[in-house]
Amino acid sequence: MSSESIQSTLQETRSFAPPASFVSQANISSVEQYQQMWQRGKDDPAGFWGDLAAELHWFRKWDTVLEGEMPNTKWFTGGKINASFNCLDRHLTTWRKNKAAIIWEGEPGDTRVLTYQDLHREVCKFANVLKRLGVRTGDRVTLYLPLIPELTIAMLACARIGATHSIIFGGFSADAVADRNNDAEAKVIVTADGGWRRGKEVLLKQAVDESLKKSPTVQKVVVVRRTGMQVHMMPDRDYWWNDLMSDVSADCDAVELDSEHPLFILYTSGSTGKPKGVVHTTGGYLLGAMMTSKWVFDLKEDDTYWCTADIGWITGHSYVAYGPLCNGSTVVMYEGAPNWPDEGRFWDIIEKYRVSVFYTAPTAIRAFIKWGDHWPAKYDLSSLRLLGSVGEPINPEAWMWYHRMIGAERCPIVDTWWQTETGAIMLSPLPGVTPTKPGSCTQPLPGVVCDIVDKEGNSLGPNEGGLLVLRQPWPSMLRTLYGDHERFVQTYFSTVPGCYFAGDGARKDEDGYVWIMGRVDDVLNVAGHRLSTMEVESALVAHEAVAEAAVVGFPHDIKGEGICCFVTLKSGDGSEALERDLIQHVRKQIGALATPDKIRFTPALPKTRSGKIMRRLLRDIAAGRESVGDTTTLEDLSVMAKLREQEE
Ligand code: PRX
């Protein structure tokens, strides 16, 4: 990491105190309360988390809250628990039995409401279906579905019988599905014929068929009929969801699982070509998801809560499914695109269901700004009381627009920093406590001890850019990378001695507020989603025409970061046709989310004498910036001159 890469130029002095009307009703409502909780979490983590864990249902109470030290920690050992039971059964003995758990809207406008009792019944039935298909406690099941209630049903059904789910976002390609199936050795995959996205069908079953040519462990396929499109069904392998559900019992006891039983694997990009299978376990993860939902989203019984993330990402796991359901909340789910049939769709949904808490991503906010104020202005957004942001740094102007146009200057904004690996929100304002500053995720939540350090682990002073680390274990942290514990230790615990580090640069200002400055490794953040430059490079060099490729990010108005690929061909010059072909090729290998924004053909890449590609220079070119800093290690200066010429 070079020091210049984490210079911060952001100067933001605006500050917004929580409105008094919000404070008076908030779950955590005073600075003293926060400080006292935070201090206890730091001084006595076992006591702090142990007390909170009593809010979950345990078949058997734990013997020990926390065992071991980072990287190898275990939480609530000896405890027996089930995530599905906590999200469903325990609400059925209360008035919540007939409360809406999920209010779902499909992109074409169809709707469904499932009460807690409905959801429980469907989950029990599908758990029985899984058992009938041969799934046992400890097996892995892949879920590759659109954002429809069946996804929540399937994940909770897996959790009910102790099968570990691996959810793959519907935007990933057949090849990506095959890789993940193989890595997890999944036994069953649950999919749909297709899903709706901007009026078009996403061909999920077709991708599964292709993926299964390369993933031999998968024995059975369950297919939800969503779009009604024609799909191929292979006898004795493929089954329709509805057929299987038609004759199973709705009784299925939740299995009493060890607290450390693996609840799910979620694949995410690291700085190599191979995605990492982040493993989360049951008791600790659930506790993190539940408590942070309550603290950060200030959830109340009568809230209508909408997190726009797809369940295929960690945000959806923790804040569409486990967190809010564990709290007995009403969750809005919307299948499709924000601009379908027009750019008012999200605001229409908020007005229609009287959404009170709304959690979305900066990339969406930037798109809304571009589409124009007249869209939100047409709708009644007065039901909103709290807004959230996640996935990437929110630029202060987008924050201000969100505050003004959507929150009517009345709703606190919680800018939540966390990661697939952390399982739950780590840094965020508490909406009834923390004065916010546009662009800062402010302070650590209770139970989180963070620091900004140099590579030796020394704490840095105010406004010095460094590495954001977590110094103390927390219950919802990942336990390992599936099948590769060594990579887990190496990736997260070797950069800074004794600390968890997962790749972000940050600084703390004079008030102790944290400002995330972005990744310091070769990971891109495209529209709030992580992609490794190496993954895209591997995809490119797998194309027959490509000799070498270097991929860098560049600032992009909507997506935050765009993907720029510098490509050297085996022979000949590039053409527009080849450019299109390469773009398609990357989409096929990884998925639409990795679609390159720019392909630039170059006879050579800028390298050091030892052969290392000088990405810093490529980043400057991609961003249209002058290169500052040292180029003396460059082997062939003319390469840069040629790239610059192309620019003109
Ligand atoms: O760089 C940080 C950025 O997203 C990364 C984590 O990506 P992922 O595991 O896909 O999870 C995204 C949703 C939790 C982080 O390393 N990031 C996430 N939230 C923020 C953020 N950067 C700045 N501010 C945030 N609020």
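Residues numbered from 1 in each chain as written. Predicted model: local features only at pLDDT ≥ 70, side-chain atom pairs only at ≥ 80, totals over all residues. Heavy atoms only, no water.

The helix and strand tally for the protein stands at 20 helices and 30 strands. Its C-alpha atoms give the protein a radius of gyration of 24 Å, within 12% of the compact-globule value 26 Å for 648 residues. Here the protein holds 648 residues, and the buried ones make up 62% of them. Carbon and sulfur atoms make up 49% of the accessible area of the protein, which totals about 24,200 Å². Looking at the protein, you have 69 positive and 83 negative side-chain charges, and the mean spots of the two groups are 3 Å apart. (Helix = DSSP H or I, 4+ residues; strand = E, 2+ residues; numbered from the N terminus. Rg over C-alpha atoms; globule rule 2.2 N^0.38 Å. Buried < 20%, exposed > 50% of the residue type's maximum accessible area, 1.4 Å probe, protein only. Areas by Shrake-Rupley, 256 points an atom, 1.4 Å probe, with all protein chains shown as cover. Lys, Arg positive; Asp, Glu negative; His and termini not counted. Charge placed at Lys NZ, Arg CZ, Asp CG, Glu CD.)

Our next topic: unusual backbone geometry. Of note, the amide linkage connecting M70 to P71 takes the cis form, showing an omega dihedral of 5°. Mapped onto the secondary structure, P71 falls in the loop between β1 (64-67) and β2 (74-77). Residue P341 follows W340 across a cis peptide bond; omega there is -5°. Tracing the backbone through its elements, the reader meets P341 in the loop between β17 (330-334) and α12 (345-353). If you check the backbone angles, E185 has positive phi at about 50° while not being a glycine. With respect to the secondary-structure elements, E185 resides in the loop between α7 (174-184) and β8 (188-192). You can call E185 partly exposed: its relative accessible area is 46%. The phi angle at N463 is positive, at roughly 65°, despite the residue not being glycine. Along the chain, N463 turns up in the loop between β21 (450-453) and β22 (466-470).

What follows covers the pattern of salt bridges. For the structure on display, the rule yields 43 salt bridges. We note a salt bridge from D51 to R40, for which the minimum N-O separation is 3.0 Å. Of this pair, D51 sits in helix α3 (residues 45-53) while R40 sits in helix α2 (residues 31-43), placing them eleven residues apart in sequence. Linked by salt bridges that have partners in common, D175, E210, K214 and K588 make up one network. (Salt bridge = Lys/Arg side-chain N within 4 Å of Asp/Glu carboxyl O.)

Here the domain parsing of the protein yields domain 1 (6-82 + 263-515), domain 2 (85-255) and domain 3 (527-647). Using C-alpha coordinates to define each centre, domain 1 is positioned 32 Å away from domain 3. Contact residues are listed per partner, giving 18 residues for domain 1 and 14 residues for domain 3. Both faces combined, the contact of domain 1 with domain 3 buries some 1,200 Å², and carbon together with sulfur accounts for 50% of it. Where domain 1 packs against domain 3, one counts one salt bridge. Measuring nitrogen to oxygen at the nearest pair gives 2.9 Å for the salt bridge that ties E421 to R530. Counting the contacts that link domain 1 with domain 3 gives seven residue pairs in polar contact (both at pLDDT 80 or more). In terms of residue count, the dominant contributor to the side of domain 1 that touches domain 3 is helix α13 (residues 362-371) (four residues). Taken together, the residues of the side of domain 1 that touches domain 3 break down into three nonpolar, ten polar and five charged. (Domains from an automatic or database assignment. Contact = heavy atoms within 4.5 Å. Buried area = accessible area lost by both parts, 1.4 Å probe. Polar contact = N/O pair within 3.5 Å; in protein donor to acceptor, adjacent residues only side chain to side chain. Nonpolar A, V, L, I, M, F, W, Y, C, P; charged D, E, K, R; others polar.)

Another aspect to go through is α13. With eight of ten residues buried, α13 is to be regarded as a mostly interior element. If you follow the buried residues of α13, they end up packed against α12, β18 (357-360), α14 (374-377), β19 (386-390), α15 (396-406) and β29 (560-569). A positive backbone phi angle near 110° is found at G372, which sits one or two residues after α13.

Neighbouring the ligand are 17 residues; D415, T416, T420, D504 and R530 lie closest to it. In the environment of the ligand, a nitrogen atom lies 3.4 Å from a nitrogen or oxygen atom belonging to the backbone of E392. Within the side chain of Q419, a nitrogen or oxygen atom sits 2.8 Å from an oxygen atom of the ligand. Expressed as a share of its isolated accessible area of 540 Å², the protein-covered part of the ligand is 97%. Secondary-structure elements contributing two or more residues to the shell around the ligand are α11 (314-326), β20 (413-416) and β25 (514-519). (Near = heavy atom within 4 Å.)

What follows concerns the pairing of β20. On β20, burial covers both faces: I413 and D415 on one face and V414 and T416 on the other are all buried. As judged from the four bridges shared by β19 and β20, these two strands associate in the parallel manner. Paired with V390 across the bridge in β20 is T416. On the question of chirality, the crossover connecting β19 to the parallel β20 by way of α15 is right-handed. (Pairing = 2+ DSSP bridges. Right-handed = clockwise from strand over helix to strand, strands pointing away.)

We now examine α12. Buried within α12 we find R345, F346, W347, I349, I350 and Y353. Trailing α12 by a residue or two, R354 shows a phi angle of about 55°, which is positive.

Viewed as axis vectors pointing N to C, α7 and helix α8 (residues 204-212) meet at an angle of 55°, and their least axial separation amounts to 8 Å. Between α7 and α8, the angle falls in the class oblique. Here α7 runs over α8; the crossing is right-handed. Contact residues: A174, V177, A178 and N181 in α7; A207, E210, S211 and L212 in α8. Residues that form the contact of α7 with α8 fall into these classes: five nonpolar, two polar and one charged. (Axes fitted to C-alpha atoms, helices over the stretch in contact; angles between N-to-C directions. Parallel < 35°, antiparallel > 145°, perpendicular 65-115°, else oblique. Left-handed = near helix turned anticlockwise from the far one by under 90°.)

Turning our eyes to something else, we now look at the sheet that holds β22. The antiparallel open sheet is built from four strands, whose spatial order is β21-β22-β24-β25. Of all the strands in the sheet, just β21 and β25 have a single pairing partner and so form its edges. Ignoring which end each strand starts from, the neighbouring axes of this sheet average 45° apart. Here strand β24 (residues 500-508) runs beside β25; their pairing, made up of five bridges, is antiparallel. Within the sheet, the bridge partner assigned to D504 lies in β25 and is R519.

The subject of this paragraph is the confidence of the model for the protein. This prediction gives the protein a mean pLDDT of 94; 97% of its residues lie at or above 70. Predicted confidence in the protein is weakest over helix α20 (residues 637-647), with a mean pLDDT of 76, and strongest over helix α6 (residues 149-161), with 99. The low-confidence segment residues 1-5, where pLDDT is below 50, has six contacts with residues more than four positions distant or belonging to other chains. (pLDDT = per-residue confidence, 0-100.)

Here we come to the side chain of R366. Along the chain, the position of R366 falls in helix α13. If sequence neighbours within four positions are ignored, R366 has contacts with E392, P393, N395, A398, D557, I558, K559 and G560.

Our next topic: the packing of aromatic side chains. Enumeration according to the criterion identifies 35 aromatic pairs in this entry. Both rings, one in W75 and one in F76, keep their centres 6.0 Å apart while their planes meet at 45°; by these two values the pair is tilted. With relative accessibility at 0%, the residue F76 sits in the buried group. Residues F346 and F358 carry aromatic rings whose centres are separated by 6.3 Å and whose planes lie at 85° to one another, so their mutual orientation is edge-to-face. In this pair, F346 is assigned in helix α12 and F358 in strand β18, connecting sequence segments twelve residues apart. Classification of F346 by relative accessible area gives buried; the value is 6%. The buried category is assigned to F358, whose relative accessible area is 0%. (Phe/Tyr/Trp six-rings, centres within 6.5 Å; stacked < 30°, edge-to-face > 60°.)

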